[in-house]
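Results of the structural survey
What follows is the residue order along each chain.
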Amino acid sequence: MFNNNSSKLILPVAIIIAVMILTALNISYQLNNNYLSTTIHKVIQSDNDDGDGGTIAIVGTNIITSESAMTESPPAPPLLLHSLTPASDIVHKTYNHTFAHFHCPKQHGFKTCLQNMYEKIQSKEHIDNDDDDNDNGDKNDNGWPLSPSRSQHWWFQSLIRDAGNFGGNSYSGIFGSWHVGQAINPNVSMCMIEKIGITQWTKLFTSLNGYAFNTRKIRSDLKGAIDLPAAGIGYPSFVILRDPLERFLSAYLDKCVNSKLRREQQHCEPNLIYRDHNHDNIKVNPMTAGFVFGGDDDKLNRVRSRATHLKGHGKTAFAMYVDTMPLAWNLHFYPQSFYCNGLYRFIDDYDFVGHMDSGFYHDLDKLGKTYGGRFETKLKDIFKYESITEDNNNVGIETKASDKVIQYYTPRSLRRVLEYVSMDYVLLDLKVPDWAEQMLREDDERDGIFL
């Protein structure tokens, strides 16, 4: 069938084909390896033998460390070549450009770390890195930017500034003693965070300590606040976390939609933009005139109560707030990782970590049984949960914002808030909710990104 010349070509061609197949398999293996190494489940702070803090990135099933993780220098951000979802891509890329440069060993006070980070951002040596693909900026030996991006993520600079009260703005409050609840009989302590049921937890600890709620005495006779977690001094500690996107919206609904509350509480910042300047409650701030927040603003803007007329207004005002909020960070909107002396640094040392989500009542039941006695009794009295079954999920007032996320978030505002709270998703090991993933995926499909 073949002449001599043809037969002589068969072996070389076969060898070439074999080499090509092996090369393709090797490339495929490397790509899959990189692909599996893209989702960072958790970044934890650790102390080496000398007491210096470092960062260990747990990437997929691999643990990546570097020399920088064992020194005082900022750790190299974890490598992200690809992402499983649009939301996780936003979270991890933003984290790499911002919070990954925030180095805070456990033995350092959190405010000291904020001060160091703010001075670094303000220094003349600051290197600005605007573009993920920009190779012109100065980088360390691992190829990572030497400092966070100041212009691409300008809100990070104002976040550090306002959290540490370095810009002369109003008191940030994240170091307030009211974030530490503590009681005896049984001995127990808690990291209490705004917009995670803090009013209910205040009721619990004032009751445990024998005080009326209006006294706000959430600690027993110990002098001053204690550092959490406090199991080492006989006060086992617990904390409740909440989905960051839902918590952000909950704070907005509570502090911004009603003009009377905006004026009286002044938690919808910047107040220059959002506070009503007219005390007769008729006219709104001219900067927000024409925007409908909900609540009594429907009347203030002379908007009829017809649902068809109000459709979409909530998204517009919320989007405006999302864009302007970082000009003056408020106590109710900081990342959860910032509270209780940098919660993310000690999260693994807490005796109990619960979540205020659809399974919140189940977590409360576990929490009550963990400490027992009068703690469990008063916990049930405060949160009104009874017998827990598989189908008995939280339908109370604690997580009502979860029902309104689609009503207020747009793909654009969702992307921005994901940036603000990226630290919590990475360092507190929280999962981006399914509704957010779906919203961004559908938006990308409309834009032809994922077809």
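Preceding this section is the structure that the text describes.
Now for a description of the structure that goes with this document.

Definitions and limits used
Residues numbered from 1 in each chain as written. Predicted model: local features only at pLDDT ≥ 70, side-chain atom pairs only at ≥ 80, totals over all residues. Heavy atoms only, no water. Helix = DSSP H or I, 4+ residues; strand = E, 2+ residues; numbered from the N terminus. Buried < 20%, exposed > 50% of the residue type's maximum accessible area, 1.4 Å probe, protein only. Contact = heavy atoms within 4.5 Å. Areas by Shrake-Rupley, 256 points an atom, 1.4 Å probe, with all protein chains shown as cover. Core = buried A, V, L, I, M, F, W, Y, C linked by side-chain atoms within 4.5 Å. Pairing = 2+ DSSP bridges. Axes fitted to C-alpha atoms, helices over the stretch in contact; angles between N-to-C directions. Salt bridge = Lys/Arg side-chain N within 4 Å of Asp/Glu carboxyl O. Phe/Tyr/Trp six-rings, centres within 6.5 Å; stacked < 30°, edge-to-face > 60°. Disulfide = S-S within 2.5 Å. Polar contact = N/O pair within 3.5 Å; in protein donor to acceptor, adjacent residues only side chain to side chain. Parallel < 35°, antiparallel > 145°, perpendicular 65-115°, else oblique. Left-handed = near helix turned anticlockwise from the far one by under 90°. Nonpolar A, V, L, I, M, F, W, Y, C, P; charged D, E, K, R; others polar.

A few words now on the overall build of the protein. Helices and strands together make up the secondary structure of the protein, namely 18 helices and seven strands. The buried share of the protein, reckoned over its 451 residues, is 50%. At a minimum sequence separation of 6, the contacts of the protein that also span at least 24 residues come to 66%. Surface summary for the protein: the accessible area is close to 22300 Å², and the carbon and sulfur share equals 53%.

Moving on, we get to the nonpolar core. Judged by nonpolar contacts, the single largest core of 103 residues is most densely connected at Trp 201, Tyr 252, Phe 338 and Tyr 409. Setting aside residues up to four positions removed in sequence, Tyr 252 forms contacts with Val 257, Phe 293, Ala 317, Phe 318, Tyr 321, Phe 333 and Tyr 408.

Before going further, it helps to examine the environment of Leu 418. Turning to its location among the elements, Leu 418 is positioned in helix 16 (residues 411-420). Once residues within four sequence positions are removed from consideration, Leu 418 is found in contact with Ala 87, Ile 90, Val 91, Leu 245, Tyr 425, Val 432 and Leu 440.

As a further point, take the sheet that holds strand 5 (residues 188-191). Within a sheet, adjacent strands bond to each other through the backbone by hydrogen bonds, running parallel or antiparallel. What the four strands build is an open sheet, ordered 4-5-6-7; its pairing is mixed. The open sheet has two free edges, formed respectively by strand 4 (180-183) and strand 7 (352-355), since each of these has just one partner strand. On average, adjacent strands in this sheet sit at an angle of 20 degrees to one another, irrespective of strand direction. Both strand 6 (residues 237-241) and strand 7 contribute to a ladder of four bridges, which runs parallel. The residue of strand 7 that forms the bridge with Phe 238 is Phe 352. Sheet contacts for helix 13 (residues 360-371): strand 5, strand 6 and strand 7; angle to strand 7, the most-contacted strand, approximately 160 degrees.

In terms of burial, helix 12 (residues 339-346) is largely enclosed, as seven of its eight residues are buried. The complete set of buried residues in helix 12 reads Tyr 339, Cys 340, Gly 342, Leu 343, Tyr 344, Arg 345 and Phe 346.

The full count for this structure, using the stated rule, is 14 salt bridges. Asp 323 is the salt-bridge partner of Arg 416, the closest N and O atoms lying 3.8 Å from each other. Here Arg 416, found in helix 16, pairs with Asp 323, found in helix 11 (residues 313-324); they are 93 residues apart in sequence, far enough to count as distant. On the basis of relative accessibility, which here comes to 22%, the residue Arg 416 falls in the partly exposed class. Its salt-bridge partner being Asp 443, residue Arg 446 comes within 3.4 Å of it at the nearest N-O pair. Separated by three residues within a single helix, Arg 446 and Asp 443 lie in helix 18 (residues 434-446), roughly one turn from each other. With a relative accessible area of 58%, Arg 446 lands in the exposed category.

Looking at the secondary structure, you find Lys 195 in the loop between strand 5 and helix 5 (198-208). With residues up to four places along the chain from it excluded, the contact list for Lys 195 reads Arg 242, Arg 247, Ser 250, Ala 251, Asp 254, His 332 and Met 356.

Here we take up the packing of aromatic side chains. Throughout the structure, instances matching the rule amount to 32 aromatic pairs. Taking 5.2 Å as the distance between ring centres and 75 degrees as the angle between the ring planes, the aromatic pair formed by Phe 110 and Phe 338 counts as edge-to-face. With Phe 110 in helix 3 (residues 110-122) and Phe 338 in the loop between helix 11 and helix 12, this pair connects stretches of sequence that are 228 residues apart. Here Phe 338 falls in the buried class, since its relative accessible area comes to 0%.

The next subject is the pairing of strand 4. Of the two faces of strand 4, the one lined by Val 180 and Gln 182 and the one lined by Gly 181 and Ala 183 are each fully buried. Looking at chain direction, strand 4 and strand 5 are connected through four bridges and run antiparallel. Within the sheet, the bridge partner assigned to Val 180 lies in strand 5 and is Cys 191.

The buried count for helix 5 comes to eight of 11 residues, which makes it a mostly enclosed element. Along helix 5, the positions that sit buried rather than exposed are Ile 198, Gln 200, Trp 201, Thr 202, Leu 204, Phe 205, Thr 206 and Leu 208. Residues of helix 5 that are buried sit in contact with strand 4, strand 5, strand 6, helix 13 and helix 14 (373-383). Just downstream of helix 5, Gly 210 is the residue with a positive phi angle, here 80 degrees.

Moving on, we come to the state of the cysteines. Scanning the model with the defined rule gives three disulfides in all. With its sulfur 2.0 Å from that of its partner, Cys 104 forms a disulfide with Cys 113. On the S-S bond that ties Cys 104 to Cys 113, the torsion sits near 80 degrees, and the link is right-handed. Overall, the relative accessible area of 0% leaves Cys 104 in the buried class. Owing to a relative accessible area of 2%, Cys 113 belongs among the buried residues under this scheme.

Take the environment of Thr 206 next. Looking at the element boundaries, Thr 206 is found in helix 5. For Thr 206, a relative accessible area of 1% corresponds to the buried category. For Thr 206 and Ile 218, which are 12 residues apart along the polypeptide, the C-alpha to C-alpha distance reads 4.8 Å. Not counting the four nearest positions on each side in its chain, Thr 206 is found in contact with Tyr 211, Ala 212, Phe 213, Thr 215, Arg 216, Lys 217 and Ile 218. Looking at Thr 206, its side chain comes within polar contact range of the main-chain oxygen of Thr 202, at 2.8 Å.

Across the interface, helix 16 lies against helix 18 with an axial gap of 10 Å and an inter-helix angle of 125 degrees. Between helix 16 and helix 18, the angle falls in the class oblique. Every pair of crossing elements has a handedness; the one defined by helix 16 and helix 18 is left-handed. Facing Pro 411, Leu 414, Arg 415 and Leu 418 of helix 16, the residues of helix 18 in contact are Trp 435, Ala 436, Met 439, Leu 440, Asp 443, Asp 444 and Arg 446. In the contact of helix 16 with helix 18, the residues fall into seven nonpolar, no polar and four charged.

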